[in-house]
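# Residue-level structural notes
Each chain, letter by letter, is given below.
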Amino acid sequence: MNVDDDTLYDDSGNETSGDDVDFVIDVDNASNKELHSYDDEYQYEVLSTDDIVQHMVDCIKEVNTVVQIPLTTTRILLNYFNWDKEKLMERFFDGNQDDLFKEAHVINPFKKVNAVKPKISNKLLGTEECDICFMVFPPTQMTGLECGHRFCYQCWNEYLTTKIMEEGVGQTIACAAHNCPILVDDQTAMRLLKDPRVKLKYQHLITNSFVECNRLLRWCPSPDCSFAIKVSYVEAKPVACRCGHVFCFACGENWHDPVRCGLLKKWQKKCDDDSETSNWIAANTKECPKCNATIEKDGGCNHMICKNQNCKADFCWVCLGPWEPHGSSWYNCNRYDEDEAKAARDAQEKSRAALQRYLFYCNRYMNHMQSLRFEHKLYASVKDKMEEMQQHNMSWIEVQFLKKAVDILCQCRQTLMYTYVFAYYLKKNNQSVIFEDNQKDLERATELLSEYLERDITQENLIDIKQKVQDKYRYCDGRRMALLDHVHEGYEKDWWVYSE
Amino acid sequence: MAALPRRIIKETQRLMQEPVPGISAVPDDSNARYFHVIVTGPEDSPFEGGLFKLELFLPEDYPMSAPKVRFITKIYHPNIDRLGRICLDILKDKWSPALQIRTVLLSIQALLSAPNPDDPLANDVAELWKVNESEAIRNAKEWTRRYAMDN
Ligand SMILES: [Zn+2]
Ligand SMILES: [Zn+2]
Ligand SMILES: [Zn+2]
Ligand SMILES: [Zn+2]
Ligand SMILES: [Zn+2]
Ligand SMILES: [Zn+2]
């Protein structure tokens with residue numbers, strides 16, 4: 001920490017300022033924290049890299065007021081418990097402390113025993129040999145952890161550098177001796193490292209593992225953003241980063257109301273597995289009527305033999321019936337209406353229908369996603385329009401309704417996109433019918449607003465625009481809220497039943 | 001080539017002065033980082049009586065990274081694949097710069113005495129080792145006789 005920081009956290013002279021008087025400050029969070037909320041309900045903080053380091057130090061200090069062991073040991077213990085203070089305290093006071101320290105790979109600070117005795121290479125001079133470079137040093141040039149394994153400074157530096165730069169290990173670098181599990185604490189690492197670049201990388205690794213391990217912290221998933229969000233309890237709620245990105249705290253995806261995290265994850269996995277191939281499969285293949293393996297027609301002959309080596313069924317591509325009764329009519333099928341062939345086609349129809357159904361939802365989901373990608377274009381064109389209106393004597397405030405309209409359009413698209421994921425898994429019942437009506441309404445309203453903003457707006461006179469745009473976006477927003485409220489109510493009352 | 005680090009010079013000297021029983025490791029005349037290694041098959045193992053040739057190379061950042069070791073003689077072993085690559089923890093994530101050529105070769109000798117089919121590199125060999133150990137051992141003896149006893 002540098003000198004400037006001292007002034008940052010110096011609150012001592014502020015008692016008379018009056019600003020903080022009725023603000024209850026608990027001792028550990030005296031730093032200037034600012035709570036945000038995206039939906040007026042779920043509160044969170046946005047942390048910069050420096051804030052994260054400070055928060056980490058605060059966590060360690062807080063635990064240390066209770067457990068009173070070296071700070072560096074506390075950090076290793078906290079990391080072992082994924083920065084869950086309560087869990088650490090519980091184990092510390094209720095369990096076997098010896099086991100606890102052993103599991104976390106630190107020496108029990110309360111009893112210093114069985115450390116390895118340094119190897120004295122020359123009794124007279126008291127020099128030691130370093131087991132890594134095989135050079136002989138006076139004891140002052142050898143160092144090690146509590147376990148007693150000692151190496152020279154140069155070798156430690158090289159060892160840590162290799163671990164950090166080559167292997168990307170930070171929090172869990174073990175002692176350089178073979179089979180010694182004792183972890184290198186951060187102060188020792190910082191003391192032994194020489195190159196400032198390596199030190200910087202090491203600090204990055206430490207903060208990164210702090211954030212990744214800590215349930216109440218999450219990096220903003222936006223590329224090149226280095227802020228993290230801190231909450232006081234985990235819930236699937238939207239949070240907005242300082243960079244503008246809005247995401248779900250629980251899963252890190254774009255905010256995805258009304259569908260829930262688990263279902264969205266399932267859907268994304270399905271899309272990854274299927275999207276490339278499913279269209280092609282639909283057009284060019286059939287399934288073996290016996291084993292359902294996918295068969296591709298690769299020639300003119302209708303006599304198909306299943307590729308599945310355990311099946312090898314003979315069947316007809318046209319009627320899907322068994323091949324045998326076709327006899328020698330190699331290129332023609334005249335058995336299309338036979339019962340057996342019909343049954344096989346019915347079965348095929350079913351699996352085809354499932355695929356068609358998936359493609360239906362997938363296409364709509366993708367369409368809205370694609371449209372969202374063009375939102376910056378729309379913002380740009382709306383900006384032009386706003387400037388034009390300002391030239392016609394409208395104030396800056398008065399023209400903000402246009403930006404608001406695009407905001408709402410984007411929100412509606414995003415909601416719609418996720419309604420298709422929800423709908424795909426939804427089983428039909430009375431409530432699902434209402435949901436689908438709401439979805440249809442919102443879809444229609446959204447497309448109207450979109451068309452208006454992209455096209456029709458240019459033909460209107462400026463005075464009419466404001467009223468029309470406001471009417472349209474208010475209606476859209478209303479439909480969106482109605483849909484979301486209905487789905488949320490369903491969650492509360494257990495209306496929704498899922499397939500698969 | 002850069003000067004040989006003191007560590008490698010000393011380690012080679014010590015290896016020559018106090019050789020490991022059953023193992024010979026000789027640096028190449030033209031490259032002091034490359035060792036010709038011969039390991040004798042341990043007693044009471046299916047490799048008994050065989051002489052196994054290996055190559056051992058000390059990479060640029062040795063001892064920060066592990067030596068590269070490979071069997072040249074064909075061997076039927078669940079933790080050694082067809083190319084002679086060895087599945088041994090200290091050659092990978094369990095490597096420590098305080099380990100030496102000596103300890104590596106001792107570990108390889110120990111691996112010959114106690115194959116570990118649950119951590120296999122050669123899957124078909126490991127499979128047989130698990131389902132029919134006596135047949136696997138018969139194969140190992142046969143390979144030892146065929147490939148490791150002629151010279
Ligand atoms: Zn050294
Ligand atoms: Zn140690
Ligand atoms: Zn961000
Ligand atoms: Zn989520
Ligand atoms: Zn088949
Ligand atoms: Zn047919």
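Cut-offs applied
For every chain, the first residue of the written sequence is number 1, and numbering continues from 1 onward in sequence order. In the order they appear in the text, chains get letters beginning with A and ligands get numbers beginning with 1. With the structure being a predicted model, the display of local features is reserved for residues of pLDDT at least 70 and the display and counting of side-chain atom pairs for 80 or more, all residues being used for whole-chain, interface and lining totals. Side-chain metrics rest on all non-hydrogen atoms present in the structure, leaving aside hydrogens and water. UniProt positions are given in the numbering used here, feature names are shortened, and annotations may be inferred rather than shown by experiment. In DSSP terms, a helix is any run of H or I states spanning at least four residues, a strand is any run of E spanning at least two, and both are numbered starting from the N terminus. Exposure is judged per residue with a 1.4 Å probe applied to protein chains only, and the accessible area is read against the type maximum: over 50% gives exposed, under 20% gives buried, and values in between give partly exposed. Contacts are assigned to residue pairs that have any heavy atoms within 4.5 Å of one another. Counted as coordinating are nitrogen, oxygen and sulfur atoms within 2.8 Å of the metal, or 3.2 Å for Na, K and Ca, while water is not included, which may make sites look incomplete. Every geometry call rests on angle ranges, with four donors termed tetrahedral when all angles are between 85 and 135 degrees, four termed square planar and six termed octahedral when opposite donors are over 155 degrees apart and all others are between 65 and 115, and everything else termed irregular. Reported buried area values correspond to the accessible surface (1.4 Å probe) lost by two parts on association, with both partners' losses combined. Any Lys or Arg side-chain nitrogen located within 4 Å of an Asp or Glu carboxyl oxygen qualifies as a salt bridge. Any residue that is not Ala, Val, Leu, Ile, Met, Phe, Trp, Tyr, Cys, Pro, Asp, Glu, Lys or Arg is counted as polar, Gly included; the first ten are nonpolar and the last four charged.

An unreviewed UniProt entry lists chain B under the name UBC core domain-containing protein, from Acanthoscelides obtectus.

As annotated in an unreviewed UniProt entry, chain A carries the name RBR-type E3 ubiquitin transferase and is attributed to Callosobruchus maculatus. What UniProt states about chain A under its Sequence similarities (unreviewed entry) heading is, verbatim, "Belongs to the RBR family. Ariadne subfamily." The heading Catalytic activity (unreviewed entry) in the UniProt record of chain A holds the text "[E2 ubiquitin-conjugating enzyme]-S-ubiquitinyl-L-cysteine + [acceptor protein]-L-lysine = [E2 ubiquitin-conjugating enzyme]-L-cysteine + [acceptor protein]-N(6)-ubiquitinyl-L-lysine."

## Quick word on the environment of His178 of chain A
Relative to the assigned elements, His178 of chain A resides in the loop between α6 (153-166) and α7 (186-192). Its relative accessible area of 32% is what places His178 of chain A among the partly exposed residues. Considered as a pair, His178 of chain A and His149 of chain A are 29 residues apart in the sequence and their alpha carbons are 9.8 Å apart. Discounting residues that sit within four places of it in the chain, His178 of chain A has contacts with Ile90, Lys94, Ser96, Ala98 and Leu99 of chain B.

## Observations regarding the coordination of the zinc ion (ligand 1)
For the zinc ion (ligand 1), the full set of protein donor atoms is Cys130 of chain A (SG), Cys133 of chain A (SG), Cys152 of chain A (SG) and Cys155 of chain A (SG), and the range of their distances to it is 2.3 to 2.4 Å. Coordination at the zinc ion (ligand 1) is tetrahedral: its four donor atoms span angles of 100 to 122° at the metal.

## Examining the interface of chain B and chain A
At the junction of the two partners, chain B supplies 14 residues and chain A supplies 14 residues. Regarding the contact of chain B and chain A, the summed buried area is about 1200 Å², with carbon and sulfur atoms giving 64% of it. Scanning the region where chain B abuts chain A turns up one salt bridge. When grouped by side-chain class, the residues that make up the side of chain B that touches chain A number six nonpolar, two polar and six charged.

## Focus: the coordination of the zinc ion (ligand 4)
Residues and elements named next belong to chain A. Looking at the metal site, the zinc ion (ligand 4) is ligated by Cys248 (SG), Cys251 (SG), His256 (NE2) and Cys261 (SG), spaced 2.1 to 2.3 Å from it. Around the zinc ion (ligand 4), the four donor atoms sit at angles spanning 104 to 117°, and that spread fits a shape best called tetrahedral. Of the residues examined, Cys251 reaches a relative accessible area of 26% and is grouped as partly exposed. Since its relative accessible area comes to 1%, His256 is described here as buried.

## Describing the pattern of salt bridges
All names here are of chain A. Taken as a whole, this structure holds 22 salt bridges over all chains when the rule is applied. Arg480 is the partner of Asp477 in a salt bridge, and the nearest nitrogen-oxygen pair spans 3.8 Å. With Asp477 and Arg480 both in helix α14 (residues 462-493) and three residues apart, the pair spans about one turn of that helix. Residue Asp477 is classed as partly exposed on the basis of its relative accessible area of 23%. By sharing partners, the salt bridges in this structure join Asp441, Arg444 and Arg479 into a single network.

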